[in-house]
Amino acid sequence: DGGITQSPKYLFRKEGQNVTLSCEQNLNHDAMYWYRQDPGQGLRLIYYSQIVNDFQKGDIAEGYSVSREKKESFPLTVTSAQKNPTAFYLCASSMRDGGTEAFFGQGTRLTVV
Amino acid sequence: EDQVTQSPEALRLQEGESSSLNCSYTVSGLRGLFWYRQDPGKGPEFLFTLYSAGEEKEKERLKATLTKKESFLHITAPKPEDSATYLCAVRGTGGGNKLTFGTGTQLKVEL
């Protein structure tokens, strides 16, 4: 089945540690996105990539980093510089055509203790 | 900068009681307006894409409409299984390929 796979579903980390969230898609989409969702704030864009080896900062990129070495994969690293990393993280992908919809993974809930 | 405002924040309906959710937007050149449904703890599920004013799309009890400034998601005779958060998003010509989301409307349908 085609889709987007995020792993793990739940992740616990100690404060000060970096952590990497995985996102893989087999939809042959060029564009991929990372969003953060907090209660009452909706989805906020962290980073997006329209093509392999290229990515742009979104609205809240500070404390995060990404890579796009393969079309299918867009991992997100939450660094120790992120002041409030506990959140629900969502990965999405779409065709590069701006009129097409994005499809989402099932999310990773990160809790930093 | 693209902006999306959804109202109401929360809506409680009785089963069979039809209503509408609103999505107001400002965007530099609309490339698409998107509606999603999100269940608790899950990723958003795509519902509709609308491209131009006057366009309408339907799926089961849901109907989405679009004007130059807002979109409505009409829910006809809702059932408890329609309970979810409904998200609206836009993609404009000025922001690369990124989607801008509203904060959503949390819908609860009761028996």
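Structure shown above.
Novice: For the overall build of chain A, give the residues involved together with the corresponding values.
Specialist: Scanning chain A from terminus to terminus reveals 0 helices and 11 strands. Counting helices and strands in the order they occur from the N terminus, chain A gives β-β-β-β-β-β-β-β-β-β-β. Relative to a compact globule of 113 residues, whose C-alpha radius of gyration would be 13 Å, chain A shows 13 Å and is just as compact. Overall size of chain A, expressed as C-alpha extent along the three principal axes, is 40 × 30 × 25 Å. Counting over 113 residues, chain A shows a buried share of 50%. Here the analysis covers contacts within chain A between residues at least 6 apart in sequence; of these, 51% occur between residues at least 24 apart. Within the structure as shown, chain A displays about 5600 Å² of accessible surface, and the carbon and sulfur contribution to it stands at 46%. The positive charge centre, built from 12 side chains, and the negative charge centre, built from 12, are 8 Å apart in chain A.

Novice: So what's going on with the state of the cysteines? Which residues, and what values?
Specialist: Two cysteines whose sulfur atoms are joined by a covalent bond form what is called a disulfide. Per the counting criterion, the structure on display carries 2 disulfides over all chains. Here C23(A) engages in a disulfide with C91(A); their sulfurs sit 1.9 Å apart. Given an S-S torsion of about -75°, the disulfide between C23(A) and C91(A) has left-handed geometry. Of this pair, C23(A) sits in strand β3 (residues 19-25) while C91(A) is found in strand β9 (residues 87-94), placing the two residues 68 residues apart along the sequence. Here the two residues C23(A) and C91(A) agree in accessibility, since each one is buried. A sulfur-sulfur separation of 2.0 Å characterises the disulfide bridge that pairs C23(B) with C88(B). Every disulfide takes its handedness from the sign of the S-S torsion; for C23(B) and C88(B) that torsion is -65°, giving left-handed.

Novice: Go over the sheet that holds strand β8 (residues 70-75) of chain B, please, and point to the residues and values.
Specialist: Residues and elements named next belong to chain B. The strand order across the open sheet built from 5 strands is β1-β3-β8-β7-β6, with neighbouring strands paired in antiparallel fashion. Of all the strands in the sheet, the pair left with one neighbour each is β1 (3-7) and β6 (56-59). Direction aside, neighbouring strands of the sheet carry axes that sit 15° apart on average. Pairing analysis gives 5 bridges linking β1 to strand β3 (residues 19-26), with the strands arranged antiparallel. Bridge pairing in β3 links V4 to Y25.

Novice: How would you summarise the interface of chain B and chain A if you had to cite specific residues and measurements?
Specialist: With 21 residues of chain B at the interface, the matching set in chain A holds 27 residues. Both faces combined, the contact of chain B with chain A buries some 1800 Å², and carbon together with sulfur accounts for 51% of it. For the interface between chain B and chain A, the tally reads 1 salt bridge. D59(A) is the salt-bridge partner of K98(B), the closest N and O atoms lying 3.5 Å from each other. Along the contact surface separating chain B from chain A lie 7 residue pairs in polar contact (both at pLDDT 80 or more).

Novice: Describe the packing of aromatic side chains, with residues and values.
Specialist: Residues and elements named next belong to chain A. In the structure shown here, the tally under the stated rule is 11 aromatic pairs over all chains. Ring geometry for Y35 versus F104: centroids 5.9 Å apart, planes at 45°, classification tilted. Here Y35, found in strand β4 (residues 31-38), pairs with F104, found in strand β10 (residues 103-104); they are 69 residues apart in sequence, far enough to count as distant. Comparing Y35 with F104, the two get one shared label, buried. Aromatic side chains Y64 and Y89 sit 5.9 Å apart centroid to centroid with 65° between the ring planes, which places their arrangement in the edge-to-face category.

Definitions and limits used
- Residues numbered from 1 in each chain as written.
- Chains lettered and ligands numbered in written order.
- Predicted model: local features only at pLDDT ≥ 70, side-chain atom pairs only at ≥ 80, totals over all residues.
- Heavy atoms only, no water.
- Helix = DSSP H or I, 4+ residues; strand = E, 2+ residues; numbered from the N terminus.
- Rg over C-alpha atoms; globule rule 2.2 N^0.38 Å.
- Buried < 20%, exposed > 50% of the residue type's maximum accessible area, 1.4 Å probe, protein only.
- Contact = heavy atoms within 4.5 Å.
- Areas by Shrake-Rupley, 256 points an atom, 1.4 Å probe, with all protein chains shown as cover.
- Lys, Arg positive; Asp, Glu negative; His and termini not counted.
- Charge placed at Lys NZ, Arg CZ, Asp CG, Glu CD.
- Disulfide = S-S within 2.5 Å.
- Pairing = 2+ DSSP bridges.
- Axes fitted to C-alpha atoms, helices over the stretch in contact; angles between N-to-C directions.
- Buried area = accessible area lost by both parts, 1.4 Å probe.
- Salt bridge = Lys/Arg side-chain N within 4 Å of Asp/Glu carboxyl O.
- Polar contact = N/O pair within 3.5 Å; in protein donor to acceptor, adjacent residues only side chain to side chain.
- Phe/Tyr/Trp six-rings, centres within 6.5 Å; stacked < 30°, edge-to-face > 60°.

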